[in-house]
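Notes for the structure review
Spelled out, the chains give:
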Amino acid sequence: MPQPAVPTAPRIGVLVVAYNAENTLAKTLQRIPAEFRERIAEILVMDDASHDATFLAGWRWSQREDAPPTVVMRHTKNLGYGGNQKAGYALAMERGLDIVVMLHGDGQYAPELIAEMVAPIERGEADAVFGSRMMDSGAARRGGMPAYKWLGNRVLTKIENSLLGTSLTEFHSGYRAYRVDALRELLIDRNTDAFDFDTQIIVQLIDAGKRIVEVPIPTYYGDEICYVNGLTYAKDVVKDVLEYRLAMKGFGSCPWVPKAEEYAFKAGDGSSHAEILAMLSGAEPMTVLDLGCSGGLFAEQVRKLGHTVTGVDYIEVPGVRERTDRFLLADLNQGLPSDLDGPFDLVVAGDVVEHLVNPERLLRQVQQVLRPGGELVLSVPNFGHWYSRLRVALGAFDYDRRGILDETHLRFFSRSSLRRMIRNAGYDLLELRSTGSPFVQLAGTGAAAGAASALSRALVGLRPTLFGYQYVARLTPHAQEVITAGQGGGVDELLAAQARR
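Residues numbered from 1 in each chain as written. Predicted model: local features only at pLDDT ≥ 70, side-chain atom pairs only at ≥ 80, totals over all residues. Heavy atoms only, no water.

To continue, consider the overall build of the protein. From N to C terminus, the protein includes 19 helices and 14 strands. Classification of the 501 residues of the protein by burial places 47% in the buried group. A fraction of 73% describes how many contacts in the protein between residues 6 or more apart in sequence connect residues 24 or more apart. (Helix = DSSP H or I, 4+ residues; strand = E, 2+ residues; numbered from the N terminus. Buried < 20%, exposed > 50% of the residue type's maximum accessible area, 1.4 Å probe, protein only. Contact = heavy atoms within 4.5 Å.)

The next subject is unusual backbone geometry. Following G342, the chain continues into P343 via a peptide bond in cis, with omega recorded as 5°. Among the secondary structure elements, P343 is positioned in the loop between strand 10 (326-329) and strand 11 (344-350). For N20, which is not glycine, the phi dihedral falls at a positive 50°. Relative to the elements of secondary structure, N20 occurs in the loop between strand 1 (12-18) and helix 1 (25-30). On the basis of relative accessible area, N20 is assigned to the partly exposed category, the value being 26%. Phi at A49 takes a positive value of approximately 55°, unusual for a residue other than glycine. Assignment of secondary structure puts A49 in the loop between strand 2 (40-47) and helix 3 (54-62).

On to the sheet that holds strand 2. Taken in spatial order, the seven strands make up an open sheet running 3-2-1-4-6-5-7, and their pairing is mixed. Of all the strands in the sheet, the pair left with one neighbour each is strand 3 (70-74) and strand 7 (212-216). The average angle at which neighbouring strand axes cross in this sheet is 20°, direction not considered. When strand 4 (residues 99-104) meets strand 6 (residues 176-179), the two strands line up antiparallel, connected through four bridges. Counterpart to M102 in the pairing with strand 6 is R176. Helix-sheet contacts for helix 3 involve strand 1, strand 2 and strand 3, and the interaxial angle to strand 3 is about 165°. (Pairing = 2+ DSSP bridges. Axes fitted to C-alpha atoms, helices over the stretch in contact; angles between N-to-C directions.)

Glancing now at the environment of M102. Along the chain, M102 falls in strand 4. Expressed as a C-alpha distance, the spacing of M102 and Y178, which sit 76 residues apart in the sequence, is 8.4 Å. The contact partners of M102, leaving out residues within four places of it in the chain, are L15, V17, Y81, Q85, Y89, G174, Y175, R176 and D198.

This part covers the packing of helix 9 (residues 197-207) against helix 10 (residues 230-248). At their nearest, the axes of helix 9 and helix 10 sit 10 Å apart, and the two run at 25° to each other. Considered as vectors, helix 9 and helix 10 are oriented roughly parallel to each other. The chirality of how helix 9 crosses helix 10 is right-handed. Residues T199, Q200, V203 and D207 of helix 9 lie in contact with helix 10, whose contacting residues are Y233, V237, D240, V241, Y244 and M248. Each residue belonging to the contact of helix 9 with helix 10 can be placed in one class, and the counts come to six nonpolar, two polar and two charged. (Parallel < 35°, antiparallel > 145°, perpendicular 65-115°, else oblique. Left-handed = near helix turned anticlockwise from the far one by under 90°. Nonpolar A, V, L, I, M, F, W, Y, C, P; charged D, E, K, R; others polar.)

Burial runs high along strand 2: eight of the eight residues are buried. The pairing of strand 1 with strand 2 spans seven bridges and is parallel. Counted as the bridge partner of I12 is I40 from strand 2. Note that strand 2 and strand 3 share five bridges and pair parallel. Residue pairing across strands places L44 opposite V71, the latter belonging to strand 3. As for the winding sense of the linkage, the β-α-β connection from strand 2 through helix 3 to strand 3 is right-handed. (Right-handed = clockwise from strand over helix to strand, strands pointing away.)

A few words now on the nonpolar core. One finds Y89, V100 and Y178 to be the most contacted residues of the largest nonpolar core, which totals 34 residues. Elements with a minimum of two residues in this core: strand 1, strand 2, helix 4 (80-94), strand 4, strand 5 (128-132), helix 8 (180-184), helix 9 and helix 10. Top element by residues in this core is helix 9. It accounts for five residues. The residues touching Y178, leaving out its near neighbours within four places in the chain, are Y89, D98, I99, V100, I121, D127, A128, F130, L183, I201 and L205. By size, the runner-up hydrophobic cluster in this structure holds 31 residues, among which are V312, V347, M421 and A473. (Core = buried A, V, L, I, M, F, W, Y, C linked by side-chain atoms within 4.5 Å.)

Over its 15 residues, helix 4 runs 21 Å from end to end, which matches the ideal 21 Å to within 8%, given 1.5 Å per residue. Burial analysis of helix 4 places eleven of its 15 residues in the buried class, which makes it a mostly covered element. Of the positions making up helix 4, those classed as buried are G80, Y81, G82, G83, N84, Q85, K86, G88, Y89, L91 and A92. G96 occupies a position one or two residues after helix 4 and carries a positive phi of about 75°. (Expected span 1.5 Å × (residues − 1).)

Next up on the list: helix 7 (residues 147-164). Taking 1.5 Å as the rise per residue, helix 7 with 18 residues should run 26 Å; its terminal C-alpha atoms sit 26 Å apart, in good agreement. Inspection of helix 7 places N153, L156, T157, E160, N161 and L164 among the buried residues, and these make up the whole buried set. Considered in projection along helix 7, the buried side chains sweep an arc of 135° and stay on one side of the axis. Among the exposed residues of helix 7, those pointing more than 90 degrees away from its buried face are Y148, K158 and S162. Check the buried side of helix 7 and you find it contacts helix 9 and helix 10. Note on helix 7: the residue one or two positions beyond its end, G165, has a positive phi of about 70°. (Arc of directions from axis to C-beta.)

The description of two aromatic rings rests on the distance between their centres and on the angle between their planes. With the rule as written, the count across this model stands at eleven aromatic pairs. Each ring, one from W386 and one from Y387, has its centre 6.3 Å from the other, and the planes form 90°; the classification is edge-to-face. Summarising the aromatic geometry, the rings of F397 and Y399 are spaced 5.4 Å apart at their centres and angled 75° between planes, so their arrangement reads as edge-to-face. Its relative accessible area of 31% is what places Y399 among the partly exposed residues. Three or more aromatic residues joined by ring pairs make a cluster, and in this case those are Y89, F130, Y178 and F197. The ring of F130 carries R176 above its face, with NZ or CZ at 4.4 Å from the centroid. (Phe/Tyr/Trp six-rings, centres within 6.5 Å; stacked < 30°, edge-to-face > 60°. Lys NZ or Arg CZ within 6 Å of the ring centre and 35° of its normal.)

Right, here's the structure in full:
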C-alpha cells in the first residue's frame, strides 16, 4: 500500500525593511529566538537606499555562523516604505517562501514573538496575522507610546473599522505575517509606495475575504527616528478607506482593488434593467437575445416572465449557462457570433453599446437576426447627467468603476448623440425612457429612500437630459421589409406583421 504523504514544513521567511538602521539592524536580528532560527528558510534584508552603512551591517550579520540563510539587497534609489515592501514580497514569492514575516530594522517590534506571529498561519487559521499593541488595555501607553500617537491610533482605527465593517483593535502596526499565496492574489504592485501601504493591504485582504488574526505584542519606543508625517499619514489612510468604500458604490476606480468581472444586475427601482423588465412584463412568450449578458442575472429574470433567452458575452461567468437557455461566447466588438439560432422576437443590448468601438456596426447586424416586426431594446448612460457635467465643469473628470463614467466605456452618449446613432444604424425610435439616479440608494431604506426616489422621478420628468441617469430605447428597423400585394398575395403577411408590432 502506498504510504501517506508526509506534510512538509512551510518555508518561513523574514522580511526586514530597513532604512538608516546601521546601529539597530544586527541587534534586531539577534533578538530572533535561537530555537526559531532553525525554522527560518531565509531572511531577506531590504535596505532602502540608506545614507548610512545599513547594507554593510546586514552583510556582516549574514556572515555569522548562527545566522539563518540571509539575502541582503540594497536599493540604489529610495522606494519608500510601501515600495520597499513590494520589492520584498516579490522576492519572497520568487524564492518560493510559504510564509513571510515583516520586521522593522529599527527594532520597534518584538522579534521574540515571531513564533506567535506565524502560528495561526501554520495552523491554517489565518491568511494574515497582525501584531496589535492595542489588544491589552493600557499596554501601549505603558510601553512608551506618546499620548498623541495613542489617541491618533485609536481614532483612526475606529474610523477605519466603521467604514470597513471590521473590528480590528489596530490598523497601524507594522508587525505582520502573511501567507505568501494570499499575497499573490492581491494587487500589491498597484499600492502606494508611502506609509499607508499597510492600510491598503488590509483593505485588499478584507475585500478578498481573507482571514485576519491579531495577536498582542508589546510596545517599544526607543531612539529610532520616525520618518512618518502624522497628519499626512492620517489623511492618506482615511482617503484610502473612503476611496475603497466609494469604489464599491461605483465612484472612482480604486485601481489597487480588483474589479469584479461580472457586470452587476441593476434591480433597483428606475434602473435600466427594471425598465426593460417592465417592458417585457405581460408580453406573450418571445425568443430573446441578450447581448452582453454577463452572469445571466438579467436573463434569469426574463426567463421567469416566460421568455426563452440566448445570452452572448466575451467572458463566461460561472452560472451563466444555468441562467440562460443557451449561451454563446463571443466578442461583440467582432460582431455577432455566426451560430446564433435566430431569428429573435426581441434583442436586448442593456448597457452594451457604450463598451464597443463601433456600436453602429453591431446594431446593423442585429437587424439580420430580428424577426419581421421584432424590436431592439438598448440602454446607455446619459453623459448629459448633472454628475458628469459637474465633474467636467470642475475640471475633475476621471473614470469610475461603473455608471456613466465607467472606466471600460469607449463611447459617451447624450440624448441627441443617441438619437443620431439610432438613425445612422437604420432604426426608428418607438419609445425613449429616462431612468432615475442610483444616488437615491444612498438614502438607505424607509421613508427617506421613498422621498428620494419620488424626488428623483420628479426631476427626471422635469428635465430628463439633466436628471435622467440612463436612456432606455425601444427600436425597430427602418423599412425592414417590403411586402407587395398582388398576384402573389402579401396581404396576409402584412396583417400578420402589423399584429406582431
